[in-house]
Amino acid sequence: MRPGGGSFPTLPAGVTVVTESAGGGYPLHQHAEWTVAFPWLVQGTTRGGAGGLDMGLFGAVPAAVALARWRQLREGLGMPGVVHARQVHGAAVVWHGCLPPGLMVADDADGHGTAVPGVLLAVSVADCVPILLVARTRPAIALLHGGWRGVAAGILEAGISLLTEQAGAEPELIHLHCGPAICGSCYEIGPEVPVALDIPVPAGQSRLDLRAVIAMRALAAGIPAHRISVSSHCTRCGGGQFWSHRGGCRERQLSVAGIRC
Ligand SMILES: [Zn+2]
């Protein structure tokens, strides 16, 4: 529950810890400060509305039920279009222009970006980190699925580069939030993880705060600490507010981001 609190690595100085609170007509755990700072932004993490969250695209839910749930999500958030993809723990981030109303499923990708109002970006997570990048000048956004493999492959840097290339966003003006994910006290790792992430690990250390790693990489990429925040929510030890893969759950929550119409 305490990112950086005694876990490894230490959360960089100046990075804010926030506790998203549930709210809205469609239940979303939202970054409260961002709802004020970015009133044009739809953002948050949800376990779904009435009927649950399993959107069924890659599971056992009947297609008609799954599609109805995606429609419920779009209508509940007032967003005509939503994009999702089969997530493969890679570093591919897809940029989206205008879309027809409805659900669009992209080819294998773990991140999405857009500057078009009405396009809702969606990634599913259940311990991995949902990473939201916001460039307020244009505005433009990117939403990434950050597990250790994707972070090691460079998905954060790919998302930042995409915002720079597509929307002219300077890294020092980008805001970043790491949403609900497994905390550094709960996340046991094997020796291959720090090797892939290229971080030195103290002897005997077998747990990792991936959100702290992401914050460190964001700093290295040019995002200032005062624009970086991490959620205090742990999917594993947080009292059941969120699904946890390590906790034995098969379900996943959905993190979403979009620019209001
Ligand atoms: Zn935990």
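Residues numbered from 1 in each chain as written. Predicted model: local features only at pLDDT ≥ 70, side-chain atom pairs only at ≥ 80, totals over all residues.

**Q** Just checking my understanding: could you explain the overall build of the protein for this structure?
**A** Broken down by element type, the protein carries 6 helices and 14 strands. Taken over the C-alpha trace, the protein has a radius of gyration of 17 Å; the compact-globule value for 261 residues is 18 Å, and the two agree within 12%. Evaluated residue by residue, the protein yields a buried proportion of 47% over its 261 residues. If you take every contact in the protein between residues at least 6 apart in sequence, the share linking residues at least 24 apart comes to 66%. (Helix = DSSP H or I, 4+ residues; strand = E, 2+ residues; numbered from the N terminus. Rg over C-alpha atoms; globule rule 2.2 N^0.38 Å. Buried ≥ 20, exposed ≤ 12 C-beta atoms within 10 Å, placed from the backbone. Contact = placed C-beta atoms within 7 Å.)

**Q** Would you take a moment to explain the nonpolar core for this structure?
**A** Soluble globular proteins tend to bury their nonpolar side chains together. With 72 residues, the main nonpolar core has L133, I141 and I214 as its most contacted residues. If near-sequence neighbours (up to four positions away) are discounted, I141 is found in contact with G113, T114, L121, L132, L133, V134, A257 and I259. (Core = buried A, V, L, I, M, F, W, Y, C linked by C-beta atoms within 7 Å.)

**Q** Looking at this model, I keep getting lost on the sheet that holds strand β11 (residues 140-146). Mind explaining?
**A** Strand pairing in a sheet relies on backbone hydrogen bonds. The paired strands run either parallel or antiparallel. What the 7 strands build is an open sheet, ordered β1-β13-β12-β10-β11-β8-β6; its pairing is mixed. A single partner strand is all that each edge strand has here, and the edge strands are β1 (16-18) and β6 (93-96). This sheet shows a mean twist of 20° between the axes of neighbouring strands, independent of strand direction. Bridge count between strand β8 (residues 111-114) and β11: 4 bridges; the pairing is antiparallel. Looking across to β11, one finds that G111 is bridged to L144. Packed on one face of the sheet, helix α4 (residues 155-167) meets β6, β8, β10 (129-135), β11 and β12 (174-178) and runs near 165° to β11. (Pairing = 2+ DSSP bridges. Axes fitted to C-alpha atoms, helices over the stretch in contact; angles between N-to-C directions.)

**Q** Explain the confidence of the model for the protein to me, please; I cannot follow it from the model alone.
**A** Residues shown with low pLDDT carry predicted positions that ought not to be read at fine detail. For the protein, per-residue confidence averages 91 on the pLDDT scale, and residues scoring 70 or more make up 93% of the total. Scored below 50 in pLDDT, residues 1-5 shows 20 contacts in the model against residues more than four places distant or in partner chains. (pLDDT = per-residue confidence, 0-100.)

**Q** Explanation requested: the environment of V83 in the structure shown.
**A** Note that V83 resides in strand β5 (residues 81-85). Judged by the 22 C-beta atoms lying within 10 Å of it, V83 falls in the buried class. As for V83 and A106, which are separated by 23 residues in sequence, their C-alpha atoms are 6.9 Å apart.

**Q** Got a minute to help me understand helix α6 (residues 210-220) in this structure?
**A** Because the α-helix completes a turn every 3.6 residues, residues three or four places apart line up on one side. With 8 of its 11 residues buried, α6 lies for the most part within the structure. Looking one or two places after α6, you find G222, whose phi comes out positive at around 110°.

**Q** I tried to follow unusual backbone geometry on my own but got confused; where do I start?
**A** Here the bond from R138 into P139 is cis, since omega is -5°, no more than 30 degrees from zero. Here P139 is to be found in the loop between β10 and β11. Despite not being glycine, D127 shows a phi value in the positive range, around 140°. Judged by C-beta crowding, with 23 C-beta atoms within 10 Å, D127 ranks as buried. Here the phi dihedral of D198 falls at roughly 60°; this positive angle occurs in a residue that is not glycine.

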